[in-house]
Structure formats: C-alpha cells, structure tokens
Amino acid sequence: MDLSNMPTRYDASQTEKKWYACWEEAGLFQPDPDPSKPVYSITIPPPNITGSLHMGHALCYPLQDMLGRYQRMKGKSVLILPGQDHAGIATQSVVDKQLRKEGLSAGQLGRDKFVERVWEWRKESGDTILHQFRSLGCAFDWSRSRFTLDPQYAEAVLKVFIDWFQRGLIFRGKRVVNWDPKLQTSVSDIETERQTVRGKLYHVRYPFTDGSGHVTIATTRPETMLADVAVAVHPSDERYHGKVGKTLTLPLVNREIPLIADVYPDPAFGTGAVKITPAHDANDYQVGVRHSLEMPVILDERAHISLEGPYHGLDRNEARKRIVADLEEQGFLEKVDDHDIPIVISDRSKEIIEPLLSEQWFCDQPKLAQPVIEATRRGEVKFHPERYERIFLEWMENIREWCISRQLWWGHRIPVYYTESGEAFAALSWEDAQRQAGDQKIVRQDDDVLDTWFSSGLWPFATLGWPEKTDDLQRYYPTSVLVTDRNIINLWVARMMMMGYDLVGERPFGDVMIYATVMREDGRRMSKSLGTGIDPMEVIDTLGADVLRWTLQSQTGENQDLKYSERKTEDARNFANKIWNATRFVLMNVERLPGKPTDLQPVDQWLLSRLHATERTVRESYDGYDLQTACQALYRFFWSELCDWYIEVSKPRLNDPAQRETPQWVLLTALEAFLKMLHPVMPHLTEELYSHLPLPDKAPFLMIAPWPELPAEYAQPEVEASVERAFEVTRSLRALRAGLDVAAMKPIPAAYYEGDLAGIEAIVASQAWVTELRAGKPEEKVVSTTAVSVDLHVPVAGLVDPEKERARLDKEETKTSDDLAKLEARLANPQFVERAKPEVIERDRAAAEELRDKLQKIRERRQLFV
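Residues numbered from 1 in each chain as written. Predicted model: local features only at pLDDT ≥ 70, side-chain atom pairs only at ≥ 80, totals over all residues. Heavy atoms only, no water.

(A) Region of interest: the overall build of the protein chain. What the protein chain contains, in helices and strands, is 28 helices and 29 strands. The buried share of the protein chain, reckoned over its 866 residues, is 52%. Put simply, 76% of the contacts in the protein chain that link residues at least 6 apart link residues at least 24 apart. Only carbon and sulfur atoms are counted for the fraction: they give 48% of the accessible area of the protein chain, which is about 39,000 Å². (Helix = DSSP H or I, 4+ residues; strand = E, 2+ residues; numbered from the N terminus. Buried < 20%, exposed > 50% of the residue type's maximum accessible area, 1.4 Å probe, protein only. Contact = heavy atoms within 4.5 Å. Areas by Shrake-Rupley, 256 points an atom, 1.4 Å probe, with all protein chains shown as cover.)

Here's what the structure looks like:
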C-alpha cells in the first residue's frame, strides 16, 4: 500500500485539530434526525463561566463524549448538549476584583450598572472552558449550547419559583445558614471547604443560679456564649439526674438560662454538657426548635458583635480575646486546652464561615424528596458504582429545608414583589405583580438572587425547552445518563431528581455515573491554590488529547480515586505510538482486503476468537461504565495478542505470496474492529488510522461507523486453549534460553519435549527461535523445565562457553550467598525482630526464601558445566 501520505511518526497536534474540524464541518455533533433511531442523550454538567480546565474536567467531559461516541456507533441518535452555569458567587467575585483594581466597587456602580459589567466580562472571557472542551475532542452539539441566564432558561427558572411559592413549597423564614462575612451572603456547602486547624478549647463554668455548684462546658467559640439560651445534657446522663430544669447564670451576661435534657449531647465527651446557641450553630438550632427556645442573634453580617454592651462593634476574633480575658478575670475560666478544631472556609473569599440565623428564602425539600426516594427504590434511576445509591438515599431520607436565596446581584433575581404593607406577590414581572396586587401599590422587588443550584436543578429539561413541550423535550427527555462528581450528589443530583419528578413528572436521567477523583501520584488532591494541580492543556499541547483521555479513562471503573502521573501519561503515549507503528506495518503488508479465507490456521482462529472475546468485554464494560476493564482488554488484545504474538507468528506467511492473503484478511479484520472499539476513548488517533485502511465500502468517518458485530463462529475456546498452550511453552523455552544467556531471536539448533504438542509445534519452534523441535529427551546435558504438562529440554553443548559460564555462575553464586547471609543475620538478630514492623520482617523473610531458591538453581545449573 502507498503510505506516502501517512507520516512515519504520529503527530497528535496536527491530527487532532484536523479531525475535530472535519467532524464539526460534517455536522456529526448534531443528533441524527431519523425518527426510527433510538435516542441517547446527555446534558453535560454545566461548568462555571469562570472555569478553566482542570484534571477533573479532563476526565468528566471526555467520559460523556466517550459514551456518546459509543452509542452513536451502536446506531443511536445521540445528543450531548453543552452549556454553562452563571455561577453567581464565583462570577461576582471575579468582577469585584476587577473593579477593585480600577479603584471602584459594586456599590459605586449600583445594581444595574454592575450587572451590565458582568455581562461584558462574560462576553469577553466566559467561554474559555468550552473552547478547551473542543481541545479534548468533545463531540458536543454546540448549536444547542445553553446558558442558565439565557432569556428562555431564566423564564423557566422564575416560573418554577412562582409555582412552588404558590404551592407553599417555597417560603421565607429564619434558619441557620452558612454565612460569608466578607462577601456578606449565604453560601451553599459546595462553595465551602472543611479544614482542621490547631486552636483552643475553652472550659467555662456556668454556675447554678441557686448557688448549688456549676456545670462546666467546653467551647471553641466563646464569643457566641453571649447568645446562649440553654445548656443541654443527655437524658441518660446520670451526673445530671435531679438537676435538669434548674437554671444557670450565663457568665458575663448574668442572664438565667435553663439546663435541659436533649439527645444531642454526647455523654462520653467531656462533662457531657453542651451550651446551646441556636442562632449561631446548625445543631443548636435544631435543639432550639425542639425546645421552643429563643434565638437571639449577637453577630451582624460582618461578624461583628451587635449586642449592646462592652463588646459591641468588636470583630468576632477580637471579641473572643476580650471575652476570654473577662472570663478568666471573673473566675469563670476553668482551663484552656490546645485542640484540633474543624472549621469551614468560604471557597471564594477564604473567610471562615459563620453559622448565622438569617431570614432567607427556603424550599421544602422533605416534601419534594419523597417521590424521588420511592422512584429510586423502584430502580428507575441506577447509580454506578451501585454503592452510591445507599449514600444518596440516606441523604434524601434525612434531607432538610434548602436555603435558596443569595445576597448577590448576579443571577436570577427572586421574582417576589412587595406592597407598601409588605404583602408579597410572586410574578414574572413588576406589571404582573401589580395586577395581582390590585389597588395596593407594588413598591419594590426582593433584592436577593436564587442559589445557583436552584437554576441548575432544571438543567436536564429546561435546556430542552421546558416548560414548552418542544420537539427536543419530547424526543430527548428523560436523558440517558448523568456523569458527575460524588461531592455534588446531594447538592445537584438530588435537586435535579426532585425537580424532574415534580415538574416534568418523570426521572431526569436513567443512570448516574459517579466518576473518580483525580489525585496526584502521591495521593494528594490536586489544587491550583495549593500548587498541586496539573494543567491538562499543557499535557494536550505536549502529548495530545487522546493520550490524556487514555491516561485518565483507563483508570476509571469501580475505583473512585485514580492517581495521575507523568509515567502513566508516558505509557499512554507509548501505546498510541505502538498503535500507529503497528498499523503502518500492517498497511505495508496489505494492499487491499482479500476475500474471506477458508484455510484459517489455528493461530488465525485464535486471534479471531480473542477478538470476539475482547469485543464482548469492551461492550459490556462500556455499558456498565467500567472503562478500566474495557481499556485493559483493548490494551491486552492489541499489544500482546495482536502485536507480540499474531504479527510475529504471521510474518513468514506475510512474506510468502502463496500464503499471505489469510493473515492479511485476519489482520485487517482485527485492526478495523479494534479501531472501532478504541474510538470512543481515543477518537482522533483511531479516525486517522481508519482513514488509511484499504477497506471496501467503509464509512466516511469512523465516528459514524457501526460498532463491530462479530460472527459467533469466531468464538472458539478450544482453539484458544490450544494456541495459548503453545505460547506458554514458548515462554518457558525463551526463559531457558535466557537462563543460558542466549540472545533473543538467535536460533538454537534443537530443543526437546516430552508431552503433547500436536498442532502447535510450528508456533513453538518459530517463536522460541528453535531450528528443530524434537520429541523425547537427549542423553547429553540439558537445562529443563515444565510448562502446561510438557517437559522441555535444551542441550547446553555448543550454546555457551563452559569456562565463561562457570565463571559467570561462580560470581552470581558468591553475590547471592553474600546477600542471603546478610538477610539471615538480620533475621537472626532478636533486637531487629522485636523492633521492626511485622510487614518489614515478612518482606525480609520472603526475600531470603527467594534468594535460597535462586542459589539452588545456580548450583544446579553449574553442575551442567563441571
């Protein structure tokens, strides 16, 4: 075949750009309009408009592309719909920073001008990550790309709010929320990170009002004691029998508070007594609700003390110092311990989150969760790996009300309008609200915006045109699968399912694939802020997207942590080069696809049988979201079975014009099927190689070629077993040769065997580089081994120089003996055995046993040259 237009080396940078442009120009990213085709659809998790590619993205989004490519080859009409999330806090923070550099602030601009400024930034910089998805080879339907602030999408969000408001599922009330004192807004759990810091645990005496003693509580936040309303102990704690119901005097404040019994305190921790501050702790808030306690707030939105008195206006940290000093001076401070303290940090501002009782908008998640729980138990939505279903259900069964309001300007402004008397009306516009209010005058709209997770909860159906019954909605909803991170199962998966069942009446997706977290090689999390991140674009620019895709996807399956390393990326690059070079070898030996042969030899039948088994494994693994197993099967088939064995065995026939057509047909058949199976993971490389295959009537693009359907007759396990015996015997003979220090591929005159090699002698002889394979055992000196019930013997005479071999073996015996002596001496040392870790002792014992075996073999071998 003429390979003049096929480079000798694979150049990913040229290949990947070329084929992505070809696919897009050919319109292959849009779903097939043929109504007879089954549908496969994914709405991608919308990345933030502030986002740029990190390793998690480099795994998540190509996974969705991989699934789409696979299902397209299976004959389905595939839609993978991309888009972006407006990312309220993240985006507002970016523009705030820009304004500060200009000496301006959002407050100076005012709400309308600030929002205009954010839109300008979004227009200039907000699509970075979508362009990077293209670099990864993601075949997404860009013509349908959506944004959560698109007019149609935004209207759908507001309609959901109005519907739920009118049904009583949304209400305004006071609850403890995550409060960011720097950004001065409530934030969701996903916008925070948990850390452990070294701090102080303060033990404070709360005296009984009647003078009968005191109760000691321990706190890491003594400044919040100003808002204490009770001290709680567990009902079973015998230390407090007869004392529950008495009152305590709150130190520094001199307010009487009750000692109450509640299941919240842990009797085994410290004194078993816990101060209750409902306005400044989420758990205390629940205790306060159960006991109808007051909930005074003593911190303002900046986390400054708002309570009148000596601490008024102090920052929470300064107030802590003053309060601790006063407690000590007045004799209430019992002791102070160093203590590891869990804290919650705002992801955007890096400020410590303050649990704060705040008036916000809330959603009645417990009511919305029930249909989802029932549907999940019926198996309508399946999690992969399956264990996440239990985690999901545990969350849903204990779900709480959801704070859906944020004190921001960028986002979906809450569609509630107020009259002068404060009556609220939910409406799509000011005019609509005024119509509802009648004679009462609407004077203002709510200032807050909706939590980003509220709008993104509509993603699987609002992107398809809901609430209108569009053709896309009817054809592509429910979607087929959601690919997402385990950390947002509660924040996003749950909300999409609640919204899907409540608003559309059915599940939003059939499967939920939880992909692995990409870690560094040392097991640490990747983090740009900590300097432990690796930029995927640098890998793509250097080695190509396919190499990165293989590196990550080949480790993705039941395991939920994968380790990225340069070594594994190098392995992936070597695999890509191996595929390129082996394909070039095949094409140099095949001008056209011959007719299907009738004279298949056992090795031909073996490869076709292995191809059949590999296809089944890959198909089942793709269907089960186990890419690691699929990639392992593909790697083994191509590198070991096709290249290391079949091509090597077939070279003599390829060089024989009378025999070459059979291995040519087998090679092209196997190569075509392999490229199709690999295409979803490494699309660019496989598309390029497919374009060079001399196949009649092949598809214009591999991307739209059908998945290989291999005849059942290919599966021949008996032939597989027979040929595998040949390979096992070959490996053993090669090992014997290596033991005699005979160079690989250097022919040896003869080898002998005792056992059954019927039908596989030619394979063994050619691949073990033996000129003649003879039955029996010779009288001369031999080295021997046994493989699969066959005894193998290689005469040593003439293969090696006896004197040189004795000298080599003497040297090896001395070194092995010395190494063994050192190990045995260490293991015989009682102090070492007593002090060393058990695993170290076990490792040394195993090493010593290996050295003994090696020494015995060396001595046996030496006898051959006496």
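(B) Quick peek at the side chain of D451. Along the polypeptide, D451 turns up in the loop between β21 (449-450) and α13 (452-456). Polar side-chain contacts of D451 include one of 3.3 Å to the side chain of R406. Aside from chain neighbours lying at most four places away, what touches D451 is S188, W402, C403, I404, S405, R406 and R495. (Polar contact = N/O pair within 3.5 Å; in protein donor to acceptor, adjacent residues only side chain to side chain.)

(C) A look at the sheet that holds strand β26 (residues 748-754). Ordered in space as β27-β26-β29-β28, the 4 strands form an open sheet in which the pairing is mixed. Of all the strands in the sheet, the pair left with one neighbour each is β27 (770-775) and β28 (782-787). Averaged over all neighbouring strand pairs, the angle between strand axes comes to 25°, with direction disregarded. Note: β26 against strand β29 (residues 790-795), 3 bridges, orientation antiparallel. Counterpart to E754 in the pairing with β29 is D791. (Pairing = 2+ DSSP bridges. Axes fitted to C-alpha atoms, helices over the stretch in contact; angles between N-to-C directions.)

(D) Quick look at the sheet that holds strand β8 (residues 214-219). One open sheet holds the 3 strands; their spatial order is β8-β7-β13, and the pairing between them is antiparallel. At either margin of the open sheet sits one strand with a lone partner, and together these are β8 and β13 (333-346). Within the sheet, the average angular offset between the axes of one strand and its neighbour, ignoring direction, is 20°. Sheet topology note: the strand β7 (residues 192-207)/β8 ladder contains 6 bridges and is antiparallel. From the neighbouring strand, H203 faces β8, where its bridge partner is A218.

(E) Up close: the packing of aromatic side chains. Enumeration according to the criterion identifies 33 aromatic pairs in this entry. Between F133 and F140, the ring centres sit 6.2 Å apart and the planes meet at 80°, which makes this aromatic pair edge-to-face. Neither residue differs from the other here; F133 and F140 are each classed as buried. Where F461 meets Y477, the ring centres are 5.9 Å apart and the plane angle is 85°; that geometry is what we call edge-to-face. Linking F461 in helix α14 (residues 459-462) with Y477 in the loop between α15 (471-476) and β22 (479-484), this pair joins segments that are 16 residues apart in sequence. For the pair F461 and Y477, a shared accessibility class is recorded, and that class is buried. Among the aromatic residues, ring-to-ring pairing joins W550, F575, Y635, F637, F638, W639 and F674 into one connected group. Positioned over the ring face of W23 is R69, at 4.3 Å from the centre of the ring. A cation over a ring is seen here: R175 above F362, with NZ or CZ 5.3 Å from the ring centre. (Phe/Tyr/Trp six-rings, centres within 6.5 Å; stacked < 30°, edge-to-face > 60°. Lys NZ or Arg CZ within 6 Å of the ring centre and 35° of its normal.)

(F) Summary view of the packing of helix α2 (residues 55-73) against helix α18 (residues 545-553). Interhelical geometry of α2 versus α18 gives an angle of 95° and a closest axis separation of 10 Å. Here α2 is positioned roughly perpendicular relative to α18, judged by the angle of their axes. On α18, the residues touching M55, A58, L59, P62, L63, D65, M66 and R69 of α2 are L548, R549, L552 and Q553. Grouping the amino acids of the contact of α2 with α18 by side-chain chemistry returns 8 nonpolar, 1 polar and 3 charged. (Parallel < 35°, antiparallel > 145°, perpendicular 65-115°, else oblique. Nonpolar A, V, L, I, M, F, W, Y, C, P; charged D, E, K, R; others polar.)

(G) Region of the structure containing the environment of S52. As for its placement among the helices and strands, S52 is situated in the loop between β1 (39-43) and α2. What makes S52 partly exposed here is its relative accessible area of 28%. It is 23 Å that separates the C-alpha atoms of S52 and E351, two residues lying 299 residues apart in sequence.

(H) Region of interest: a positive patch on the surface. On the surface, K97, R100, K101, K182 and R348 cluster together to form a positively charged patch. If you trace the backbone, R348 turns up in the loop between β13 and β14 (354-363). We classify R348 as partly exposed; its relative accessible area is 35%. (Patch = residues over 30% accessible without salt bridge, like charges linked within 9 Å, V, L, I, M, F, W, Y side chains within 5 Å. Salt bridge = Lys/Arg side-chain N within 4 Å of Asp/Glu carboxyl O. Lys, Arg positive; Asp, Glu negative; His and termini not counted. Charge placed at Lys NZ, Arg CZ, Asp CG, Glu CD.)

(I) Representation of the environment of G126 in the model. Residue position: G126 is located in the loop between α5 (111-125) and α6 (128-135). G126 sits in the buried class, given a relative accessible area of 0%. In sequence terms G126 and S52 are 74 residues apart; their C-alpha atoms lie 9.5 Å from each other. Setting aside its immediate chain neighbours within four residues, G126 contacts I49, Q84 and W121.

(J) Summary view of unusual backbone geometry. Of the consecutive residues H384 and P385, the connecting peptide bond is found in the cis state with omega at -5°. Mapping P385 onto the fold places it in the loop between β15 (382-384) and α11 (387-397). The amide bond that connects W466 to the next residue, P467, takes the cis arrangement and shows omega of 15°. On the secondary structure map, P467 appears in the loop between α14 and α15. A positive phi is found at Q184, a non-glycine position, where the angle reads about 55°. By secondary structure assignment, the location of Q184 is in the loop between β5 (170-180) and β6 (185-187). What makes Q184 partly exposed here is its relative accessible area of 32%. Of note in the backbone geometry, D697 takes a positive phi value of approximately 55° without being a glycine. Its place among the elements puts D697 in the loop between α23 (683-692) and α24 (717-739).

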